[in-house]
Amino acid sequence: MCVRSYYQQEKSPSAFEFLLLYWLDAIHIQLILNFECVQLCGKEVTMVSVRFFSLIVAYIAIGGFAADATQIVCSNTDQRCVPIRHCSPVNVRVRNNEHKTDVTFLNKLRSMICRSEDLQDNRTYICCPRSNIECHLNGKPGACVQRERCPKLMSTTEEMLMRSSEKNLCYVHKKKKYFCCTDGDCTSNKKLCDQEGPTASTTSAFPDCRSSGAAGSLVPRMLCSDYPAGSRRPVRNTDNDRVCCAPPSPDRLISHRKARKLDQTLCGTTALVDKIQHGENAKYMEFPWMAKLVYKLKPKTCSGTLIHPRYVLTAEHCIKSDIEKVLLGVHDSRYMSKEVQEIKIMSPFKNKLYDVGLLRLAKSATVDGDFVQTICLPIFSRLRMYLPPKLIISGWGNTEKNRASHVLLKADTMVLRQNDKDCNKDHTICAGGVNHSNHCPGDSGGPYQALSTFGEHHGRRVVQYGIISEGPAYCSDPDRPSKGLLVGYVLDWILDHMDI
């Protein structure tokens, strides 16, 4: 609650009135800050009507209340209404008592005051840019994020956190609660856990259908969770074994017991958000899950993706006898910066039916959020039966000039319908083709990926839907589509071979 200064009215104040109102404003702000300090120290002190004291004095001295200047919502969309202690630059200045000596800062502080959505909260709130919002919990720095986006809070219910709301709750925005998260990935880069990126596509490349009156997609039986696991066992070269599958609830995980463990890890987030024909350079660390495979003998170019700190997913044909290690955090292969992690391979796993392989690393990668991050797998039933109509491919493969690219490339590619003789296998992704972006030699093992809604509470994440496999012989003049393997089709095999 703020009193509009007397000198904002039409009547010019006398020198006495000006000093009196300035003194009242100072008392008002100081009482608010004292109240904030009491809460910061965690003392249970009841301060009845503290925030109205200066208004009462003003009413007696001047003869009435002026208009309420408190903002109901912050006018800037990049700001949030938070307690003063969570707005770092302002909190520092307040602790240094600058509001007592700097009139400009005092007036600015008054103009920043807003009304919290949590009406039971008596703390003083101000509009603060999201980049300046910080918190501390049990002596550790944290980031203010939704509970579901903080790996350390996923196993804790909102009810449990609200039992100590003064300690755990940062603020409420659009009826969603933001709690203090001390997870290392979230604190090192706040955007990882609280990003607001582009809209995720919900249109599927699989044909629409209706089953018992419900809308669904015509998908390979292996991808539909409505069918028992025994009836979804993959068979080599299965053709047209497709069923009409209605999408389950967004939070339903696949039945594999290891899916829940992966769900508790942070994946598919980025601080930014064979050759790739018509490709362009990826932004620096745009795909922090990309792994470059290294061989002992003759140079080969293959990629993979980090799906867990200990595992890299790739194509089976990329796992040669001389494969030695992986490089993580690489953007330009000519420059090995200090952020690059070089890790030896302990155990390779090769699928006997499909072009998929898994590399167990000798040690866990350091997932820092900026340079090295894991990509999400379609571990939710709704994602397993979904295929975006447009996918992103990335790799260090050849360019149109048939030269290997030193810099990581990316391109958008359109998914083709599985309706011709070259693209009718249930486990296959067909994409690109004539006049579209294609992958070519050197991109093998890399991802077909897209931004998708990951579960019900995790927001938008990058999910790997396919593994790059084979493509046309000449990428600059493709005569047929590129092909890849559906990750959802071999997801059980992947999880079976992960010791997590």
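Before reading further, recall that the structure is shown in the block above.
Bear in mind that the values here come from a model prediction, so they are computed numbers and not experimental data. (Residues numbered from 1 in each chain as written. Predicted model: local features only at pLDDT ≥ 70, side-chain atom pairs only at ≥ 80, totals over all residues. Heavy atoms only, no water.)

### Considering the pairing of strand β17 (residues 357-361)
The test is simple: Buried, partly exposed and exposed residues are distinguished by accessible area as a fraction of the type maximum, computed with a 1.4 Å probe on protein chains only: under 20%, between the cut-offs, and over 50%, respectively. Helix and strand assignments come from DSSP, with helices taken as H or I runs of at least 4 residues and strands as E runs of at least 2, each series counted from the N terminus. Two strands qualify as a pair provided DSSP detects at least 2 bridges between them.
Within β17, four of the five residues are buried, which leaves it mostly tucked inside the rest of the structure. Two elements, strand β14 (residues 311-314) and β17, share four bridges in a ladder whose sense is antiparallel. Within β17, the position partnered with Y311 by the bridge is R360. Bridging between strand β16 (residues 341-350) and β17 involves five bridges; their strand directions are antiparallel. Note that in β17 the partner of K350 across the bridge is G357. Taking the residues between adjacent antiparallel strands as the criterion, β16 and β17 are bridged by six residues.

### Considerations on the sheet that holds β16
Convention followed: A fitted line through C-alpha atoms represents every axis, and for helices the fit uses only the stretch in contact; the resulting angles, taken between N-to-C directions, go from 0 to 180 degrees.
A barrel is described by the order of its strands in space; here six strands give the closed sequence β12-β13-β14-β17-β16-β15, paired in antiparallel fashion. Strand-to-strand twist across the sheet, computed as the mean angle between neighbouring axes with direction ignored, equals 40 degrees. Across five bridges, strand β12 (residues 290-295) lies against strand β15 (residues 323-328) in antiparallel orientation. Bridge assignment links K292 to a residue of β15, and that residue is L327.

### A look at the nonpolar core
To keep things clear, this is the line we draw: As used in this record, nonpolar core signifies buried Ala, Val, Leu, Ile, Met, Phe, Trp, Tyr and Cys residues forming a set joined through side-chain atoms within 4.5 Å. Should any heavy atoms of two residues lie within 4.5 Å, those residues are considered in contact.
Ranked by internal contacts, the top residues of the largest apolar core, which has 80 residues, are I307, L313, V326, V356, L377, L387 and I494. Beyond its immediate chain neighbours, meaning those up to four positions away, I307 contacts L262, L313, L358, T374, I375, L377, Q464, I494 and M498. V82, C170, Y178 and C180 belong to the second-largest nonpolar core, a separate cluster that totals 24 residues.

### Observations regarding the pairing of β16
Pairing between β15 and β16: four bridges, direction antiparallel. Bridge pairing in β16 places K325 opposite K344.

### Digging into the side chain of D322
Rule in force here: In protein, a polar contact means a hydrogen-donor-capable atom and an acceptor-capable atom, both N or O and within 3.5 Å, with residues adjacent in sequence counting only if both atoms are side-chain atoms; elsewhere, any N or O pair within 3.5 Å suffices.
The residue D322 is located in the loop between β14 and β15 in this model. A residue is classified by how much of its surface remains accessible, and D322, at 8% relative accessible area, is buried. Of note is the side chain of D322, whose polar atom sits 3.1 Å from the backbone nitrogen of L297.

### Re the state of the cysteines
Under the convention used in this document: Throughout, a disulfide means two cysteine sulfur atoms within 2.5 Å of one another.
This model, assessed by the stated rule, comprises ten disulfides. Note that C135 is cross-linked by a disulfide to C180, the S-S spacing being 2.2 Å. Classification of the bridge connecting C135 and C180 rests on its S-S torsion, roughly 90 degrees, and on that basis the disulfide is right-handed. Here C180 lies in strand β7 (residues 176-181) and C135 lies in strand β4 (residues 135-137), a separation of 45 residues in the sequence. Judged on exposure class, the residue C135 and its partner C180 are both buried. Between C224 and C245 runs a disulfide, and the two sulfur atoms are separated by 2.1 Å. The disulfide joining C224 to C245 has a torsion of about 85 degrees about its S-S bond and is therefore right-handed. Of the two residues, C224 is situated in the loop between β9 (214-220) and β10 (242-245) and C245 in strand β10; the sequence distance between them amounts to 21 residues. Accessibility expressed as a relative area gives 0% for C224, which makes it buried.

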